[in-house]
Structure formats: structure tokens, C-alpha cells
Amino acid sequence: MLSELIQIAIVFPALVLTACSNTEPLQTSTGAPVAAAAVPITDQTVIAETVGRATIGSDPLAWANPSTGSAGVIEQVRPGTNNPNGCRDFVTSKQSLEGVTRFNGVACPSDGSWKINGSSGLH
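What you see is a predicted model, and the numbers here were worked out from it, not measured in a lab. (Residues numbered from 1 in each chain as written. Predicted model: local features only at pLDDT ≥ 70, side-chain atom pairs only at ≥ 80, totals over all residues. Heavy atoms only, no water.)

(A) Region of the structure containing the overall build of the protein. A tally of regular secondary structure across the protein gives 2 helices and 5 strands. Across the 123 residues of the protein, 27% fall into the buried class. In the protein, the share of contacts with a sequence separation of at least 24, taken over all contacts with a separation of at least 6, comes to 34%. As presented, the protein carries roughly 8,900 Å² of accessible surface, and 60% of it is formed by carbon and sulfur atoms. (Helix = DSSP H or I, 4+ residues; strand = E, 2+ residues; numbered from the N terminus. Buried < 20%, exposed > 50% of the residue type's maximum accessible area, 1.4 Å probe, protein only. Contact = heavy atoms within 4.5 Å. Areas by Shrake-Rupley, 256 points an atom, 1.4 Å probe, with all protein chains shown as cover.)

Take a look at the structure:
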């Protein structure tokens, strides 16, 4: 009986180590290919969409862009003064790695979404 236990004690670890030392590649199930990473969303896009969803004269609205790590607060949303077609004037802050900045801009509806008109200094 003792010799059988000794044989098991010697053979069993060797079997375990043999099973763990397999150099074959890991087999995985085949599935649909993983989609390429989405194009990062710009701060302009996030701000424009937030302005578009806001109510004119609403309370300050927070925005955040997980693609860039930037965030801010849209402080004012007013009817566009120099732009027809439902455009809105806005004032927002932007906090990023470069620091905190403030922007005035105009967001307008465009093909089912909102876009910032002109060069606002936002990326």
C-alpha cells in the first residue's frame, strides 16, 4: 500500500506538469470578427449634441467626452441671433489636460444631428 502511495505521489505531479506544458496554441471558438475601434467623438460633437438637446434658457448642463477625457458645463443656451434655421448661441467651459477654457459658439441642426458653426477653438 505504501509503495502504491509513493508511486501516486511521484506519477501524479508529473502528469499535472505534462498537461500544463502544452505548447500548442490555445484553441478558441470562432465567432464574428471584432469590429474595428470606433472613430473617437470630438468635443465639438458632444457639445453640439448637448446644446441641441437643451431647452432654450435652461439651467447649466454638464457634458463629458470619454473619447478625449474633456468635460465642461454649458452655461447659456439662447436662440441664435445671427443664424436662422433653429441655431442656438451657447457659452461653455472645457476642462482638459491643457487646462480650463471658455468658449462662445453657435450650434445648428444639420442632417438629423447638431454641428458647431465656424471655428470655435474646440477640437
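From this point, things continue past the structure.
(B) Up close: unusual backbone geometry. The residue Asp-111 is not glycine, and still its phi comes out positive at about 50°. Structurally, the position occupied by Asp-111 is in the loop between β4 (99-110) and β5 (113-117).

(C) Seen up close, the side chain of Asn-65. The residue Asn-65 is located in strand β1 (residues 61-65) in this model. Of the polar contacts made by the side chain of Asn-65, one reaches the backbone oxygen of Ile-41; its length is 2.8 Å. Reaching out from Asn-65, the side chain makes a polar contact with the side chain of Asp-43 at a distance of 2.9 Å. Sequence-distant contacts of Asn-65, that is, excluding residues within four places in its chain, are made with Ile-41, Thr-42, Asp-43, Val-46 and Ser-70. (Polar contact = N/O pair within 3.5 Å; in protein donor to acceptor, adjacent residues only side chain to side chain.)

(D) The state of the cysteines, seen in detail. Per the stated rule, a full pass over the model turns up 1 disulfide. Shown here is the disulfide that connects Cys-87 with Cys-108, its sulfur atoms set 1.9 Å apart. Taking the torsion about the sulfur-sulfur bond, which here is approximately 115°, the covalent link between Cys-87 and Cys-108 counts as right-handed. Pair noted here: Cys-87 is in the loop between β2 (70-79) and β3 (88-96) and Cys-108 is in strand β4, with a separation of 21 residues, a long-range link. Comparing Cys-87 with Cys-108, the two get one shared label, buried. (Disulfide = S-S within 2.5 Å.)

(E) Representation of the pairing of β2 within the structure. Judged from the 5 bridges that link them, β1 and β2 form a sheet pairing that is antiparallel. Paired with Asn-65 across the strands is Ser-70, a residue of β2. Taken together, the 6 bridges between β2 and β3 define a ladder with antiparallel strand orientation. For Gln-76, the partnering residue across the bridge sits in β3 and is Val-91. (Pairing = 2+ DSSP bridges.)

(F) Region of the structure containing helix α2 (residues 43-53). Taken together, the buried positions of α2 are occupied by Asp-43, Val-46, Ile-47, Ala-48, Thr-50, Val-51 and Gly-52. Looking at the buried side of α2, the elements it contacts are β1, β2, β3, β4 and β5.

(G) Structural context of the sheet that holds β2. Pairing is antiparallel in the open sheet, where 5 strands are placed in the order β1-β2-β3-β4-β5. In the strand order of this sheet, the two ends are held by β1 and β5, each with one partner. Neighbouring strand axes in the sheet, compared pairwise and without regard to direction, differ in orientation by 40° on average. Pairing analysis gives 9 bridges linking β3 to β4, with the strands arranged antiparallel. Within β4, the position partnered with Gln-95 by the bridge is Val-100. Strands β1, β2, β3, β4 and β5 of the sheet are contacted by α2, whose axis makes an angle of about 150° with β1. (Axes fitted to C-alpha atoms, helices over the stretch in contact; angles between N-to-C directions.)

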